[in-house]
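Listed here are the chains, written in short residue letters.
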Amino acid sequence: MRLFKSTLLLLVLLGLAGVPALAGDPAESSAGEKDQFRAVPARLLVLGPLPTAPEMVEAPFPRGTARPVLEITPGRFLPRAGEGLSLAPGRDGQWQTRHWEARDCDAEGRPGAHAEGIHWLAATLRVPRRQELTLHLAAGLALFVDGREVTGSQEEGSYQATTTLTAGWHTVWARAQTDPALWAGGPAEGPAPVWSLDTRLALTDFVDLAGQPRAGGLAISDDGRFIARKLTRREPSLARLDVLDAKGRVLAGDLGGGKATPLGFFPGGHELLLRRSGSEGTDLQVWDGDTGAMRTLLRDEPGLGLVKMSPDGRHLLLASTAGLDPAAAPTGNRRYVHLRERVDDFTPEPHLHLLDVASGARRQLTAPADLVLDDAVFSADGAVVYFTRTLSQTERPWFHSEIVALDLAAGGETVLARFTGGWEVRPHGLAASPDGRHLVFLGPPEQVGGGRDEHNVYNKQLWVLDLAGGEYRRVTPDAPVSFDGGGGLPRFDLKGRLLVMAGQGSRLRLARLDPAQGWSLSFMNQQGGSLGAVNVSPDGDRVVYTASPLGAPPALYQGKVSGQGRLLEDPAADWSAHWVWSDPEPAGCTAEDGTPIEAWFYPPVLAGGQDQGQDLGQDLGHDPGRPVAGAPAAGRCPLVVYYYGGSTPTMQGFNGTHQFFAANGYGVLVVNPRGAHGYGDAFADFHAGDWGPAAAADVMAATRHILARHPWLDDQGIGIYGGSYGGFLTEYLVTATDMFAAAVSMYGISDLATYWGQGTWGWTYGDMALAGATPWADPRFFVEHSPLFRADRINTPLLLLHGQDDGNVTPGESQQLFTALSVLNRPVEMVLFPGEDHGISGTWENRVEHRTMILEWFDRYCRGEGAAWEARWED
């Protein structure tokens, strides 16, 4: 691997300027090889000359190893011309742009050496496709590609290496004893690499997404003077929780370490409740914004789940396993008697506790039983706790829920209502009205079973329970909106209006419903795009949230709920400034039955300028390697189509995976086909019993629509992919059409019957998606809709990706389709990831690996460039 990286860096260096490789007569290289083309640097960023380093250095290198002292640390991005650098006291440097001209080169077209002394060089290289090149660097000492050092060898006076470079943008740094002579040679076939000094790159390597800072875990005080937010990156050690003021200035930094998360401010003050996870349990702590003091309420609490604050802030309601002897892991044979035992998250252990914030005294409110505690909340006066619990039953939908009132003074439980919603969406998101008359909860659009119509239960709606009479009703109309919780919502404000998260199609918004106006619905005038994380102040007057458009990472906003949010902080601004993003455009179409289908399209990020060779005497200031988003100047671009296709929509907002494909030169189409919630009941209910036909038709219609809009897209180079239900839809699509050049199914379902019987939630989620159908009652439906039984119709090259420990969609779903297509001698491959569950994202490395595999599979079949895919498996 070191040799590979070293060679790569050499290659980069050789072409280090803003000129494409020059075509010409073969020249004799120092290694005696005939180079079919040479690339020479036209422009470099140069720092130096610097004082020569000592020949012998003991640290950090082993004794006796001759290595230079690194005055600077090469990074992923280019420095800027004119940027000053303080190397040591009295030793300052400045990066300058060096132009190579024809008179600076020898007869072979190679730049000659200049001033003596240590020099640093930097430039950007765009490699159009995976290719092998030989790099030469005179007087070289160290080479770096994308911030990582690579090694080469000294041969006949030059630093030389032959390597294969992956397609994409790379940053090259070099350290030499003089201004180096650089050149590169390689075979004439295929496009040549192009060099640039542009400081913005296209994100062609998925691993670079690890650097994106993300704000979440939010809280805001009633007066808006204190705002807590947690900042994370892929590296857990970089996580931190800070408290900001209303102007975004840090008041308190890194509270509680990287494992701390804010839960909310106490009413009327500046005390912040936060939880901190540890190896023995979870701590609850309170930070005082006025004094800076931190005190601990609970230490090493076992199994801590929900934490709710009383309206006056004097008590906390906890779901915990405290007081229980930890159960030993089962050994030997396991007996299954009840169907509920197949559901991994049927956990009866957590129970409710009441904690006095001032004294630390606590009281157990409920006991573990053969049921699951779903949610709990205080009444407006704090005298009653309302909670929901789910129990199993023998008839479909096999679970029902109870809404219970517990009087804290008198004790005792009163069951207020029973709601039959099944397992997938139980009553949750409880909120008690200030007048004490109503309890609001989130639930499916209608109860399940009993001869009722089948619905997409994930199309969550708001229900209101009359606390006096026990009747409940859905109060949200059949509108293109679905509702959800998060960030302490739903919650009533002091005027009795309900605040809740609402999904309008693919956009998440903060909504308000007014009971005094017949539960009329209005939306916050939010800035920044679709919501991400959100938190509302205890009095319901202020909000802090993250939001992002499709073409930029999320930023942090705050403001009045009734006003307009304003930008507080853009944590990803510095990181994002290094990249060129694709800015998506609306691409909606109409389904065959006239239903509007929402979609959006990311234009590809391509190399700017012309890629043809230039003479050294031409304009050397031109940067043909500069990444720009849009239509190609000539030729056609391949297309990637993504969808989920299941019960939920793909939400708008920044998506690193879609930007990754666009950065690699693909147009990217994202489709929300029929079956997703947020577009009205009728649209969502296609998911209850469709399993393929309607959703697949919508994906194909959206694909044809974007091809007609942009004729420069290659209709012979279309790749499709999706995960989970989207993996199923991928497999179904390639049984229905041959219009796609390649397909990738991630942890997808190939046989509805085996998924229904083997997946942890196959029979609960499947009950909704199958609209109550069973294999024995309707075997024809299962056969007609399962890709496994349609395998003989598949001609599209199909890649199956699956985690070996996936309990949701078991790996057999991919294995059996792989077997079928192999028997049929169809183009199929399968990659299994040991130790991975559903999503193949248990480690960041595996997420990078499988997303990169998707790109390589598409390159192989949509572009006819299979070198990267084949090279992955050479060892």
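Residues numbered from 1 in each chain as written. Predicted model: local features only at pLDDT ≥ 70, side-chain atom pairs only at ≥ 80, totals over all residues. Heavy atoms only, no water.

What about the pattern of salt bridges?
- Across all of its chains, the model carries 29 salt bridges by this definition.
- With its nearest N and O atoms 2.8 Å apart, the salt bridge here joins E569 to R229. Of the two residues, E569 sits in strand β44 (residues 566-569) while R229 sits in strand β17 (residues 227-232), which places them 340 residues apart along the sequence.
- R229 sits in the buried class, given a relative accessible area of 3%.
- Here D242 makes a salt bridge to R240, at a shortest N to O gap of 2.9 Å.
- With a relative accessible area of 3%, D242 lands in the buried category. (Salt bridge = Lys/Arg side-chain N within 4 Å of Asp/Glu carboxyl O. Helix = DSSP H or I, 4+ residues; strand = E, 2+ residues; numbered from the N terminus. Buried < 20%, exposed > 50% of the residue type's maximum accessible area, 1.4 Å probe, protein only.)

Here we look at the confidence of the model for the chain
- Model confidence for the chain is summarised by a mean pLDDT of 87, while 85% of its residues fall at 70 or above.
- Segment residues 1-34 is flagged for pLDDT under 50; beyond a separation of four residues in sequence, or across chains, it makes 139 contacts in the model.
- Taken together, the stretch residues 610-622 has pLDDT below 50 and engages in 27 contacts with residues farther than four places along the chain or on a different chain. (pLDDT = per-residue confidence, 0-100. Contact = heavy atoms within 4.5 Å.)

With respect to the packing of aromatic side chains
- Overall, the coordinates contain 41 aromatic pairs when judged by the stated rule.
- Centre to centre, the rings of F661 and Y721 are 5.4 Å apart; their planes meet at 65°, and the pair counts as edge-to-face. Remark: Y721 occurs in strand β52 (residues 713-723) and F661 occurs in helix α3 (residues 656-663); sequence separation between them is 60 residues. For the pair F661 and Y721, one class covers both residues: buried.
- Judged by centre distance (6.2 Å) and plane angle (80°), the ring pair of F781 and F782 falls under edge-to-face. As far as burial versus exposure is concerned, F781 and F782 are alike and both buried.
- Grouping aromatic residues by their ring pairs yields a cluster made of F206, Y642, Y643, F660, F661, Y666, Y721, W844 and F858.
- If you follow R126 out to its NZ or CZ, it ends over the ring of W169, 5.9 Å from the centre.
- Sitting over the ring of F686, R674 keeps its end group 4.9 Å from the ring centre. (Phe/Tyr/Trp six-rings, centres within 6.5 Å; stacked < 30°, edge-to-face > 60°. Lys NZ or Arg CZ within 6 Å of the ring centre and 35° of its normal.)

Remarks on the packing of helix α5 (residues 693-709) against helix α6 (residues 725-736)
- Their axes nearest at 10 Å, the elements α5 and α6 cross at an angle of 75°. Considering the angle they form, α5 stands roughly perpendicular to α6. For the pair α5 and α6, the contacting residues are P693, A695, A696, V699 and M700 in the first and L729, Y732 and L733 in the second.
- Of the residues in the contact of α5 with α6, the class split is eight nonpolar, no polar and no charged. (Axes fitted to C-alpha atoms, helices over the stretch in contact; angles between N-to-C directions. Parallel < 35°, antiparallel > 145°, perpendicular 65-115°, else oblique. Nonpolar A, V, L, I, M, F, W, Y, C, P; charged D, E, K, R; others polar.)

As for the side chain of S379
- Among the secondary structure elements, S379 is positioned in the loop between β28 (372-378) and β29 (384-392).
- Residue class for S379 comes out buried when judged on its relative accessible area of 6%.
- For S379, the side chain forms a polar contact with the side chain of D381, separated by 2.6 Å.
- Excluding residues within four positions of it along the chain, S379 makes contact with P311, V384, Y386 and A432. (Polar contact = N/O pair within 3.5 Å; in protein donor to acceptor, adjacent residues only side chain to side chain.)

As for the layout of surface pockets
- When its volume is computed, the second largest pocket comes out at roughly 1,200 Å³.
- Those elements that provide at least two residues to the lining of the second largest pocket are β16 (214-220), β20 (260-265), β21 (271-277), β24 (307-309), β28, β32 (428-432), β37 (491-492) and β41 (530-536).
- Ranked by residues supplied to the lining of the second largest pocket, first place goes to β32 with five residues.
- Counted by class, the lining of the second largest pocket contains 27 nonpolar, twelve polar and eight charged residues. (1 Å grid on protein atoms, 1.4 Å probe; cavity = no way out; pocket = protein on both sides within 12 Å on 5 of 7 lines; lining within 4 Å. Points joined across faces, edges and corners; volume = space filled by probe spheres on them.)

Focus on helix α10 (residues 812-823)
- Helix length check: α10, at twelve residues, gives a terminal C-alpha distance of 16 Å against a target of 16 Å (1.5 Å per residue), a fit within 8%.
- Of the positions making up α10, those classed as buried are E813, S814, L817, A820 and L821. With its buried residues spanning 130° around the axis, α10 presents them on a single face.
- N825 lies just past α10 and shows a positive phi near 60°. (Expected span 1.5 Å × (residues − 1). Arc of directions from axis to C-beta.)

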